[in-house]
Amino acid sequence: MAELITLMPLERALHTAALQAVYNAVPAYWQLYRRESPPPEHASQELSAAEQTPGRTLLGILRRVDRQDPEAGAELIGVLDFRLHWPEAGVAYIGNLTVVGSLQRRGIASQAWALLKPWLASSASIQEVRTGVEQFNIAALKFWEAQGLALTGASERVRVGDRFVRLLYLAADLGHSM
């Protein structure tokens, strides 16, 4: 049975600890960078950067603690980090879409993208979506291709911590079915 999820804007004052727990719960991602875990202040740094960057938003992916009892509350199980009208007007850049490791491959990221995509097109005046994926992150490449994004042929070598990685760029026109 599919998870029932919702998206919610994250705020540094309220959600830093919960977001850090999400980052801690995806060790396979950090291992791609030869790290055992994320930096201890990663959530705080990302939330601060979002506050200071025009158009950047971190949305939490939430699910009910108890499927049968909405009063039991919700838990943060992922994050969707994006920036509107960047690198140019009409474009949304997806910086990160992460779901905790124990819940991956259950369609949660696809559901989160399906919730965000129509809002981008109708309410945020976005015509195109782009993302960059590390060339060694095959699962992420396959995920975004399954969501309708295609490799653009563009790539860039970027510094991440103490090493350089090559980002492969993908894009899709939101005016066409994705």
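The rules behind these values
- Residues numbered from 1 in each chain as written.
- Predicted model: local features only at pLDDT ≥ 70, side-chain atom pairs only at ≥ 80, totals over all residues.
- Heavy atoms only, no water.
- Phe/Tyr/Trp six-rings, centres within 6.5 Å; stacked < 30°, edge-to-face > 60°.
- Buried < 20%, exposed > 50% of the residue type's maximum accessible area, 1.4 Å probe, protein only.
- Helix = DSSP H or I, 4+ residues; strand = E, 2+ residues; numbered from the N terminus.
- Lys NZ or Arg CZ within 6 Å of the ring centre and 35° of its normal.

Chemist: How do you make sense of the packing of aromatic side chains when you look at a structure like this?
Modeler: Aromatic ring pairs: the centre-centre distance and the angle between the two ring planes describe each pair. Enumeration over the complete set of coordinates arrives at eight aromatic pairs. Measuring from ring centre to ring centre gives 5.5 Å for Tyr-29 and Tyr-33, while their planes differ by 65°; the resulting arrangement is edge-to-face. Among the residues examined, Tyr-29 registers a relative accessible area of 27% and is labelled partly exposed. Aromatic side chains Tyr-33 and Phe-136 sit 5.7 Å apart centroid to centroid with 80° between the ring planes, which places their arrangement in the edge-to-face category. With a gap of 103 residues between them, Tyr-33 in the loop between helix 2 (27-32) and helix 3 (42-52) and Phe-136 in the loop between strand 5 (128-134) and helix 5 (138-146) connect regions that are remote in the sequence. Among the aromatic residues, those joined into a cluster by ring pairs are Tyr-23, Tyr-29, Trp-30, Tyr-33 and Phe-136. Across the ring face of Phe-164, the terminal group of Arg-157 is positioned such that the distance to the ring centre comes to 4.4 Å.

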